[in-house]
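Residue-level structural notes
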Amino acid sequence: MDSPPIVSSAGAAGKRNNSSTPWFHRLSSPILFLTISLALVGGYLALTIPVSVFPNTDFPRIVVGVDNGVMPIDQMLVTITRPSKKL
């Protein structure tokens with residue numbers, strides 16, 4: 001008596017999971033789902049997160065004030081900001 005041939009239930013899916021196909025081709029559906037899900041969650045959170053969650057930052061500022069008495073502005077410009085070259 002001839003027994004019927006054994007047929008795998010995987011069918012065409014068995015061909016798709018062949019080890020010769022690249023990993024990104026085999027996992028393209030889960031990767032696409034994960035990427036779209038993360039983008040949607042990020043978009044939702046970007047629009048709904050309260051501003052008070054972010055800290056207030058005061059960046060330090062350094063102010064340099066130079067006072068040279070009653071020297072005229074033109075002379076101060078030459079002596080302070082543009083010193084002459086000495087050889």
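The rules behind these values
- Residues numbered from 1 in each chain as written.
- Predicted model: local features only at pLDDT ≥ 70, side-chain atom pairs only at ≥ 80, totals over all residues.
- Heavy atoms only, no water.
- Helix = DSSP H or I, 4+ residues; strand = E, 2+ residues; numbered from the N terminus.
- Buried < 20%, exposed > 50% of the residue type's maximum accessible area, 1.4 Å probe, protein only.
- Areas by Shrake-Rupley, 256 points an atom, 1.4 Å probe, with all protein chains shown as cover.
- Phe/Tyr/Trp six-rings, centres within 6.5 Å; stacked < 30°, edge-to-face > 60°.
- Patch = residues over 30% accessible without salt bridge, like charges linked within 9 Å, V, L, I, M, F, W, Y side chains within 5 Å.
- Salt bridge = Lys/Arg side-chain N within 4 Å of Asp/Glu carboxyl O.
- pLDDT = per-residue confidence, 0-100.

Turning our attention to the overall build of the protein chain. Looking only at helices and strands, one finds 4 helices and 0 strands in the protein chain. Ordered by position from N to C terminus, the α and β elements of the protein chain give α-α-α-α. Looking at the protein chain as a whole, 1% of its 87 residues are labelled buried. Taken as a whole, the protein chain presents about 9,000 Å² of accessible surface, with 66% of it coming from carbon and sulfur.

This brings us to the packing of aromatic side chains. The tally for this structure, following the rule as stated, stands at 1 aromatic pair. Arranged with centres 5.8 Å apart and planes meeting at 85 degrees, the rings of W23 and F24 form a pair that is edge-to-face. With relative accessibility at 52%, the residue W23 sits in the exposed group.

There is a patch of nonpolar side chains on the surface, built from W23, F24, L27 and I31 and spanning about 430 Å² of accessible area. Along the polypeptide, F24 turns up in helix 2 (residues 23-26).

Scored by pLDDT, the protein chain has a mean of 76; 68% of the residues are at 70 or more. Ranking the elements of the protein chain by mean pLDDT puts helix 1 (residues 12-16) last with 51 and helix 3 (residues 28-48) first with 94.

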